[in-house]
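# Structural features, examined
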Amino acid sequence: MPESLPDDYPGRDELAASLREPTLLKRTATLADVGDVAAFAASGRARTMTSATVNISCGAIVDY
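These notes cover the structure that comes with them. Computed from a predicted structure; not experimentally measured.

Criteria and cut-off values
Residues numbered from 1 in each chain as written. Predicted model: local features only at pLDDT ≥ 70, side-chain atom pairs only at ≥ 80, totals over all residues. Heavy atoms only, no water. Helix = DSSP H or I, 4+ residues; strand = E, 2+ residues; numbered from the N terminus. Patch = residues over 30% accessible without salt bridge, like charges linked within 9 Å, V, L, I, M, F, W, Y side chains within 5 Å. Areas by Shrake-Rupley, 256 points an atom, 1.4 Å probe, with all protein chains shown as cover. Salt bridge = Lys/Arg side-chain N within 4 Å of Asp/Glu carboxyl O. Buried < 20%, exposed > 50% of the residue type's maximum accessible area, 1.4 Å probe, protein only. Contact = heavy atoms within 4.5 Å. Polar contact = N/O pair within 3.5 Å; in protein donor to acceptor, adjacent residues only side chain to side chain.

### A word on the environment of Asp 13
Inspection of the secondary structure puts Asp 13 in helix H1 (residues 12-20). When the C-alpha positions of Asp 13 and Pro 2 are compared, they lie 8.4 Å apart, and in sequence the two are 11 residues distant.

### Remarks on a nonpolar patch on the surface
Together, Met 1, Leu 31, Val 34, Phe 40, Met 49, Val 54 and Ile 56 make up a nonpolar patch on the protein surface, roughly 530 Å² of accessible area in all. Secondary-structure assignment places Ile 56 in the segment after helix H2 (31-42).

### Observations concerning the side chain of Thr 28
Checked against the element boundaries, Thr 28 lands in the loop between H1 and H2. In this structure Thr 28 comes out as buried when scored by relative accessible area, which is 18%. Each residue touching Thr 28, except ones within four places of it in the same chain, is listed here: Pro 2, Leu 19, Arg 20, Asp 33 and Cys 58.

### Notes on the pattern of salt bridges
Under the counting rule described, the total for this entry stands at 3 salt bridges. Of the charged contacts in the structure, one is a salt bridge between Lys 26 and Glu 21, with a shortest N-O distance of 3.8 Å. Classification of Lys 26 by relative accessible area gives partly exposed; the value is 48%.

### Quick notes on unusual backbone geometry
A positive phi angle, close to 55 degrees, is found at Lys 26, a residue other than glycine. Within the secondary structure, Lys 26 is located in the loop between H1 and H2.

### Concerning the side chain of Arg 12
Locating Arg 12 in the fold gives a position in helix H1. A relative accessible area of 19% places Arg 12 in the buried class. Looking at Arg 12, its side chain comes within polar contact range of the main-chain oxygen of Pro 6, at 3.3 Å. Excluding anything up to four places from it in sequence, Arg 12 contacts Pro 2, Glu 3, Leu 5, Pro 6 and Asp 7.

### Details of the environment of Asp 36
Its place among the elements puts Asp 36 in helix H2. Classification of Asp 36 as exposed rests on a relative accessible area of 54%. When the C-alpha positions of Asp 36 and Glu 21 are compared, they lie 23 Å apart, and in sequence the two are 15 residues distant.

Interpretation note: all reported values are geometric properties and have no functional meaning in isolation.
Here's what the structure looks like:
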């Protein structure tokens, strides 16, 4: 997640672009996205999910 990199990290912009490029949404997940998905997966609303992988790759990894 590019937002977790320090602003002065060498090559930050290039690294962020390389993470965005292969995604179908042309963006990366944010820390808030990860938190929201974790909260959902831990909640009763996900009670029917069993033995599942939660994919928050913005389409960089496509589930078949």
